Amino acid sequence: MATASRRVTPVHLLWYIFWAAFLATSVYFLLDSVGDVLSPDLQDGSTTWNRIVWYVGHAVIASPILLIAPLQFMPGLRQSRPQVHRWLGRVFLGGCIIAGLLGVYLGSTLYLPGSRVPLTLLASTWIFFAAVAWQAARRRDFVNHRKFAIRAFALGAAFVWVRIINKVQDDVLAFMPTEDLQETTKEWLTLLLPILVTEMWLTWGPTAKKLFTRRTMRESD
Ligand code: HEM
């Protein structure tokens, strides 16, 4: 009996592998960007206030979000230490909102014009998802809290997704004639892909599965 209760299902194992890989990749990219944060490559018209404070502020506030995410989404801690989950949740969602506000400014004023619209939309949607997740928790609507916290994570982790796309960009987007076009496409993909994957998992997939599953005799009456 004792052995049976300790058995790990394949789904759990994949979940652990996903979070371990995510954490390792996040740490790698965070360490990689320390140099950029300490000595930013400033664009024309930058001043201490309009760039450095916002830029460094965004990076410092956003970084813990990636490290907290695995703890928040692993079922163990949430169930065994609800107080810890609550406090880390405030840091996580508060960080998404503040880093997102700074991201709206940084994204909408970036020197690459093609990146401004997708980055501004990404940061604004990130803030919206985090605010709804927080409000749902306050109202004790845990179904929507979970869904919107997952959505906020998926967009916040754009920091990781965009760098992964960056690594394959030269091969995958090689058919595009200019680097500018590749950059713009990369930013739009960074916004769209996490939304597609998340909604496929949370809403569209289950709805489609239900609609395409053969009805039993009783249901079709
Ligand atoms: C938890 C998630 C995030 C972390 C840890 C994070 C971290 C960072 C760091 C360390 C930098 C400076 C290094 C670099 O430019 O490579 C940066 C820059 C930037 N981030 Fe984020 N970020 C996150 C999410 C976001 C989101 C969702 C947006 C949405 C628009 C965003 C927008 C930006 C922009 C536009 C810059 C560049 C600013 C510039 O070059 O002037 N970040 N971020």
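Right above here is the structure, for reference.
Residues numbered from 1 in each chain as written. Predicted model: local features only at pLDDT ≥ 70, side-chain atom pairs only at ≥ 80, totals over all residues. Heavy atoms only, no water.

*Asks:* Any chance you could explain the coordination of the iron atom of the ligand here in plain terms?
*Replies:* Four donors placed tetrahedrally about a metal ideally form angles of 109.5 degrees, and six donors placed octahedrally ideally form angles of 90 or 180 degrees. One donor from the polypeptide reaches the iron atom of the ligand: His58 (NE2), at 2.0 Å. Considering the arrangement of structural elements, one finds His58 in helix 4 (residues 48-73). (Donors = N, O, S within 2.8 Å, 3.2 Å for Na, K, Ca; no water. Helix = DSSP H or I, 4+ residues; strand = E, 2+ residues; numbered from the N terminus.)

*Asks:* Just checking my understanding: could you explain the nonpolar core for this structure?
*Replies:* With 32 residues, the main nonpolar core has Trp19, Phe22, Phe73, Phe92, Trp126 and Phe153 as its most contacted residues. Going through the elements one at a time, helix 2 (10-32), helix 4, helix 6 (82-108), helix 7 (113-138), helix 8 (142-156), helix 9 (158-172) and helix 10 (179-212) are the ones with two or more residues in this core. Once residues lying within four places of it in the same chain are set aside, the contact partners of Phe92 are Ile65, Ile68, Ala69, Phe73, Ala149 and Phe153. (Core = buried A, V, L, I, M, F, W, Y, C linked by side-chain atoms within 4.5 Å. Buried < 20%, exposed > 50% of the residue type's maximum accessible area, 1.4 Å probe, protein only. Contact = heavy atoms within 4.5 Å.)

*Asks:* Would you take a moment to explain the layout of surface pockets for this structure?
*Replies:* The method is simple in principle: a probe with the dimensions of a water molecule rolls over the atoms, and the space it marks as empty is what remains. The space that makes up the largest pocket amounts to roughly 1,600 Å³. Lining the largest pocket are 45 residues, and of these Tyr55, His58, Phe159, Val162 and Arg163 lie nearest its centre. When contributions to the lining of the largest pocket are tallied by element, the ones reaching two or more residues are helix 2, helix 3 (34-38), helix 4, helix 6, helix 7, helix 8, helix 9 and helix 10. For the lining of the largest pocket, the leading source of residues is helix 4, giving nine residues. Along the lines of polarity and charge, the residues of the lining of the largest pocket split into 26 nonpolar, ten polar and nine charged. In this structure, the second largest pocket spans a volume of roughly 770 Å³. Along the walls of the second largest pocket sit 22 residues, with Gln72, Arg78, His85, Phe142 and His145 positioned nearest its centre. Elements with a contribution of two residues or more to the lining of the second largest pocket: helix 4, helix 5 (75-80), helix 6, helix 7 and helix 8. When residues of the lining of the second largest pocket are assigned to their parent elements, the largest contribution, seven residues, is made by helix 6. (1 Å grid on protein atoms, 1.4 Å probe; cavity = no way out; pocket = protein on both sides within 12 Å on 5 of 7 lines; lining within 4 Å. Points joined across faces, edges and corners; volume = space filled by probe spheres on them. Nonpolar A, V, L, I, M, F, W, Y, C, P; charged D, E, K, R; others polar.)

*Asks:* Quick question: what am I supposed to make of the site of the ligand here?
*Replies:* Around the ligand sit 22 residues, and of these Arg51, His58, Leu119, Gly156 and Arg163 come closest. For the ligand, an oxygen atom lies 3.2 Å from a polar atom in the side chain of Tyr55. In this structure, a nitrogen atom belonging to the ligand sits 2.8 Å away from a side-chain N or O atom of His58. Cavity membership is defined here by more than half of the atoms lying within 2 Å of grid points; on that basis the ligand lies in the largest pocket. Mapped by element, the contributors of at least two residues to the shell around the ligand are helix 3, helix 4, helix 6, helix 7, helix 8 and helix 9. Class assignment for the residues of the shell around the ligand results in 14 nonpolar, five polar and three charged. (Near = heavy atom within 4 Å. Polar contact = N/O pair within 3.5 Å; in protein donor to acceptor, adjacent residues only side chain to side chain. Sits in = over half its atoms within 2 Å of the grid points.)

*Asks:* Hey, could you run me through the packing of helix 4 against helix 6 in this one?
*Replies:* The description of two helices packed together rests on the angle between their axes and the distance between the axes. Remark: helix 4 packs on helix 6, axes separated minimally by 8 Å, with the N-to-C direction vectors making an angle of 145°. The chirality of how helix 4 crosses helix 6 is left-handed. Considering only residue class, the contact of helix 4 with helix 6 consists of 18 nonpolar, eight polar and one charged. (Axes fitted to C-alpha atoms, helices over the stretch in contact; angles between N-to-C directions. Left-handed = near helix turned anticlockwise from the far one by under 90°.)

*Asks:* I'm lost on the pattern of salt bridges in this one. Help?
*Replies:* In a structure, side chains of opposite charge can pair up when their charged atoms sit close to one another. Within the structure shown, the criterion is met by two salt bridges. Where Arg151 meets Glu199, a salt bridge forms, and the shortest distance between an N and an O atom there is 2.6 Å. Placement of the pair is Arg151 in helix 8 and Glu199 in helix 10, with a sequence separation of 48 residues. Of the charged contacts in the structure, one is a salt bridge between Glu183 and Lys186, with a shortest N-O distance of 3.2 Å. Highlighted residues: Glu183 and Lys186, both in helix 10, separated by three residues, approximately one helical turn. Pair check on accessibility: Glu183 and Lys186 agree, each one buried. (Salt bridge = Lys/Arg side-chain N within 4 Å of Asp/Glu carboxyl O.)

*Asks:* Would you mind going over helix 8 with me for this structure?
*Replies:* The α-helix winds at 3.6 residues per turn, so residues separated by three or four positions along the chain end up facing the same way. With 15 residues, helix 8 should cover 21 Å at 1.5 Å per step; its first-to-last C-alpha distance of 20 Å lies within 8% of that length. All of the buried residues in helix 8 are His145, Phe148, Ala149, Ile150, Arg151, Ala152, Phe153, Ala154, Leu155 and Gly156. (Expected span 1.5 Å × (residues − 1).)

*Asks:* What exactly am I supposed to notice about empty space enclosed by the protein here?
*Replies:* For the structure on display, the rule yields one cavity of 30 Å³ or more. Around the largest cavity, the lining residues are Phe129, Arg151, Ala154, Leu155, Pro194, Ile195, Thr198 and Glu199. Broken down by secondary-structure element, the contributors of at least two residues to the lining of the largest cavity are helix 8 and helix 10. Counting residues per element, the lining of the largest cavity draws most heavily on helix 10, which supplies four residues. Broken down by class, the residue content of the lining of the largest cavity amounts to five nonpolar, one polar and two charged.

Bear in mind that shape data such as this cannot, by itself, settle questions of function.
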